[in-house]
Amino acid sequence: MTVLVTGCAGFIGFQVCRILLDDGQRVEGLDNLNDAYDIRLKEWRLRELKSYSKFRFRKLDISDYAALRTVFASNEEGESPPFDSVVNLGARAGVQQSVADPWLYYQANTVGTLNLLEASREFEVKKFLLASTSSVYGADTPRPFKEDSETNRPLSPYAASKKAAETLLYTYHHLYGLDVSVLRYFTVYGPSGRPDMSIFKFVRAVAEGQTITIFGDGRQERDFTYVDDVGRGTVAALKPLGYQVINLGAGRPVVLAEVISIIEKCLKRRARIAYAPSHPADVQATWAD
């Protein structure tokens, strides 16, 4: 199998690529290596992937359709599709950051997805997987979140851009018979995680004696999900499903204050905490059914 993985140098993309490569699949990795966070972390992940003989990397922005189409065209052999599957993990992530620059998020998350769908349609790729987010559920969704719950009231441009991408996938499934998996990830954490995510920031702050800023009272709940589980779930969702939306979460929401307490015990250091008003783009709690 040959799989195109966008965002291959990202936190989850890296893990998905490793699982596919360890299973003997060929992986074509795309990433624009942007500076959303320290580029050295992405470069380290990329070096790890380049040690596999069946991995090929191209530095490319999926919002550039002309460049993206070239990847599909150059990989085509005879009448066969250039890729067996497309796994779109290339995205701009982050709720609060998206409020500051919503254009950037729509360009990467929505236009980028549309470009990949168009290329997949033209070159007859059969399977398309989109990494979406629990943020699409909004603030008023009954918990635990079910895949058929309403998602029409996203609180942030990030969530809205992912919801828009989800609807595009259904359209391409309906019109062209594309087999689609939409995976809604729930607060992924683990080794080599994004430095802007809560657990990474909490660990670093406690270890280095810095102050943790909590937006709200610390009673927010998140359904933290380990990256290895998310990676395996993503690869499992590459099987034929027609059109399917799938929550990938642990099903065990944890209070942020408890997370900080666990980190304090592990590091044997007290956290310094400053509280700030809740951000209107953040939900109070997430919980995957």
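No experiment lies behind these values; they were computed from the predicted model shown. (Residues numbered from 1 in each chain as written. Predicted model: local features only at pLDDT ≥ 70, side-chain atom pairs only at ≥ 80, totals over all residues. Heavy atoms only, no water.)

Student: Teacher, can you tell me more about the overall build of the chain here?
Tutor: Looking only at helices and strands, one finds 9 helices and 13 strands in the chain. Since a compact globule built from 289 residues should have a radius of gyration of about 19 Å, the 19 Å found for the chain is in line with a globular shape. Over its C-alpha atoms, taken along the principal directions, the chain stretches across nearly 60 × 40 × 30 Å. Taking all contacts inside the chain whose residues are at least 6 apart in sequence as the whole, residues at least 24 apart take part in 81%. Accessible surface, the chain as shown: approximately 13600 Å² in total, 51% of it carbon and sulfur. Considering the chain, the positive charge centre built from 35 side chains and the negative charge centre built from 35 side chains are found 5 Å apart. (Helix = DSSP H or I, 4+ residues; strand = E, 2+ residues; numbered from the N terminus. Rg over C-alpha atoms; globule rule 2.2 N^0.38 Å. Contact = heavy atoms within 4.5 Å. Areas by Shrake-Rupley, 256 points an atom, 1.4 Å probe, with all protein chains shown as cover. Lys, Arg positive; Asp, Glu negative; His and termini not counted. Charge placed at Lys NZ, Arg CZ, Asp CG, Glu CD.)

Student: I would appreciate a short explanation of unusual backbone geometry in the present structure.
Tutor: Across residues other than glycine, the phi torsion is negative in most instances, and most of the peptide bonds are trans. In this structure, the amide linkage connecting Arg143 to the following residue, Pro144, adopts the cis form with an omega of -5 degrees. Within the secondary structure, Pro144 sits in the loop between strand E5 (127–133) and helix H6 (157–176). Despite not being glycine, Leu33 shows a phi value in the positive range, around 50 degrees. The topology assignment puts Leu33 in the loop between strand E2 (26–31) and helix H2 (39–50). Of note, Glu124 is a non-glycine position whose phi angle comes to about 60 degrees, a positive value.

Student: Can you help me understand the state of the cysteines in this one?
Tutor: As used in these notes, a disulfide is a covalent bond between sulfur atoms, one from each of two cysteines. Within the structure shown, the criterion is met by 0 disulfides. Lacking any disulfide linkage, Cys8 is separated from the closest cysteine sulfur, that of Cys17, by 5.3 Å. (Disulfide = S-S within 2.5 Å.)

Student: Teacher, can you tell me more about the pattern of salt bridges here?
Tutor: Oppositely charged side chains can pair when the atoms bearing their charge come close. In the structure shown here, the tally under the stated rule is 14 salt bridges. For Glu122, the salt bridge is made with Arg69, and the minimal N-O distance between the two is 2.4 Å. With Glu122 in helix H5 (residues 102–122) and Arg69 in helix H3 (residues 65–74), this residue pair connects regions lying 53 residues apart in the sequence. Within the structure, one salt-bridge network assembled from shared partners comprises Glu28, Arg56 and Arg58. (Salt bridge = Lys/Arg side-chain N within 4 Å of Asp/Glu carboxyl O.)

Student: Would you explain helix H7 (residues 198–208) in this entry?
Tutor: Every α-helix carries 3.6 residues per turn, so stepping three or four residues along brings you back to the same face. Within H7 the residues assigned to the buried category are Phe202, Ala205 and Val206. Looking down the long axis of H7, one finds its buried residues gathered within 95 degrees of arc, a one-sided arrangement. The inward-facing, buried residues of H7 contact strand E8 (211–215) and helix H9 (256–267). Phi turns positive one or two residues past the end of H7, at Gly209, with a value near 70 degrees. (Buried < 20%, exposed > 50% of the residue type's maximum accessible area, 1.4 Å probe, protein only. Arc of directions from axis to C-beta.)

Student: Just to check I follow, could you spell out the packing of H7 against H9 for this structure?
Tutor: When two helices pack together, their arrangement is captured by the angle between the axes and the distance separating the axes. Orientation of H7 relative to H9, taken along the N-to-C sense of each, is 45 degrees, at an axis distance of 10 Å. Considering the angle they form, H7 stands oblique to H9. Both H7 and H9 take part in a crossing whose hand is right-handed. Across the interface between the two elements, Ile199, Phe202, Val203, Val206 and Ala207 from H7 touch Leu256, Val259, Ile260, Ile263 and Leu267 from H9. Considered class by class, the residues forming the contact of H7 with H9 number 10 nonpolar, no polar and no charged. (Axes fitted to C-alpha atoms, helices over the stretch in contact; angles between N-to-C directions. Parallel < 35°, antiparallel > 145°, perpendicular 65-115°, else oblique. Left-handed = near helix turned anticlockwise from the far one by under 90°. Nonpolar A, V, L, I, M, F, W, Y, C, P; charged D, E, K, R; others polar.)

The quantities given are spatial measurements derived from coordinates; they are silent on function.
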